[in-house]
Amino acid sequence: QVQLVESGGGLVQFGGSLRLSCAASGNIFSLYTMGWYRQAPGKQRELVASISSGGSTNYADSVKGRFTVSRDNAKNTLYLQMNSLKPEDTAVYYCNAVRNLSSIAIENYWGQGTQVTVSS
């Protein structure tokens, strides 16, 4: 089992910055691919950024060059540095942990989410 707790959301003006954190507890954090997802009202949840256990990163096209995902395995914490924020970044941001157990089974955990609101 993995427990995920996000923090760092809030209200920010257009062009501002926020840093989200996701504190993990439970199983060995370093084994998991970690990701940030977001869901805006009336829209599906979408991947924002992910980072593998080996440190490889992946970003949605809409945030490339503005957001940076990182992890500190010693602190069991995932981060998302968000710069040049736009109103369309407004959403609930969720932390995710996933790892393959076998060719047909995965472990998948979600945090409770943190609200990010960008005013124009």
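Let me begin by describing the structure that accompanies this report. Everything numeric here is computed off the predicted structure, so don't read it as measured data.

Okay, the pattern of salt bridges next. In this structure the tally under the stated criterion is five salt bridges. One salt bridge in this structure joins Lys64 and Asp61, with 3.1 Å as the shortest N-O distance. The pair Lys64 / Asp61 is uniform in exposure class, with both members exposed. Note that Arg99 is salt-bridged to Glu107, the shortest N-O span being 2.4 Å. Overall, the relative accessible area of 25% leaves Arg99 in the partly exposed class. You can call Glu107 buried: its relative accessible area is 11%. Taken together, the shared-partner salt bridges in this structure form one network comprising Arg38, Glu46, Arg66 and Asp89.

On to the environment of Ser70. Along the polypeptide, Ser70 turns up in strand S7 (residues 67-72). Taking the C-alpha atoms as reference points, Ser70 and Gly35, separated by 35 residues in sequence, lie 9.7 Å from one another. Sequence-distant contacts of Ser70, that is, excluding residues within four places in its chain, are made with Ile51, Thr77, Leu78 and Tyr79.

Attention now goes to the state of the cysteines. Here a disulfide denotes a covalent bond joining the sulfur atom of one cysteine to the sulfur atom of another. Applying the stated criterion across every chain yields a total of one disulfide. Each disulfide pairs two cysteine sulfurs, and for Cys22 the partner residue is Cys95, the sulfurs being separated by 2.1 Å. Here the S-S torsion is close to -80°, and the disulfide linking Cys22 with Cys95 is therefore left-handed. Of this pair, Cys22 sits in strand S3 (residues 18-26) while Cys95 sits in strand S9 (residues 91-100); the two residues are 73 residues apart in sequence, bridging distant segments of the chain.

Next up on the list: the nonpolar core. Judged by nonpolar contacts, the single largest core of 30 residues is most densely connected at Leu4, Met34, Trp36, Leu78, Leu80, Met82 and Tyr93. Apart from the residues within four sequence positions on either side, Met82 is in contact with Gly16, Ser17, Leu18, Leu20, Arg66, Phe67, Tyr93 and Val116.

On to the sheet that holds S3. The strand order S1-S3-S8-S7 describes an open sheet built from four strands, whose pairing is antiparallel. Two strands in the sheet have a free side with no partner beyond their single neighbour: strand S1 (2-7) and S7. Each strand axis lies, on average, 15° off the axis of its neighbour in the sheet, ignoring direction. Relative to strand S8 (residues 77-82), S3 runs antiparallel, the two being bridged by six bridges. Within the sheet, the bridge partner assigned to Arg19 lies in S8 and is Gln81.

Looking now at the packing of aromatic side chains. Across all of its chains, the model carries two aromatic pairs by this definition. Note on Tyr32 and Tyr109: the rings are 6.3 Å apart at their centroids and 65° apart in plane angle, and the pair reads as edge-to-face. Placement of Tyr32 in the loop between S3 and strand S4 (33-39) and of Tyr109 in strand S10 (residues 106-110) is noted, with a sequence separation of 77 residues between them. Residue classification places Tyr109 among the buried positions, given a relative accessible area of 14%. Relative to Trp110, the ring of Tyr37 lies with its centre 4.9 Å away and its plane at 70°, an arrangement referred to as edge-to-face. Of the two residues, Tyr37 is situated in strand S4 and Trp110 in strand S10; the sequence distance between them amounts to 73 residues. On the basis of relative accessibility, which here comes to 37%, the residue Trp110 falls in the partly exposed class.

What counts, and where the lines are drawn
- Residues numbered from 1 in each chain as written.
- Predicted model: local features only at pLDDT ≥ 70, side-chain atom pairs only at ≥ 80, totals over all residues.
- Heavy atoms only, no water.
- Salt bridge = Lys/Arg side-chain N within 4 Å of Asp/Glu carboxyl O.
- Buried < 20%, exposed > 50% of the residue type's maximum accessible area, 1.4 Å probe, protein only.
- Helix = DSSP H or I, 4+ residues; strand = E, 2+ residues; numbered from the N terminus.
- Contact = heavy atoms within 4.5 Å.
- Disulfide = S-S within 2.5 Å.
- Core = buried A, V, L, I, M, F, W, Y, C linked by side-chain atoms within 4.5 Å.
- Pairing = 2+ DSSP bridges.
- Axes fitted to C-alpha atoms, helices over the stretch in contact; angles between N-to-C directions.
- Phe/Tyr/Trp six-rings, centres within 6.5 Å; stacked < 30°, edge-to-face > 60°.

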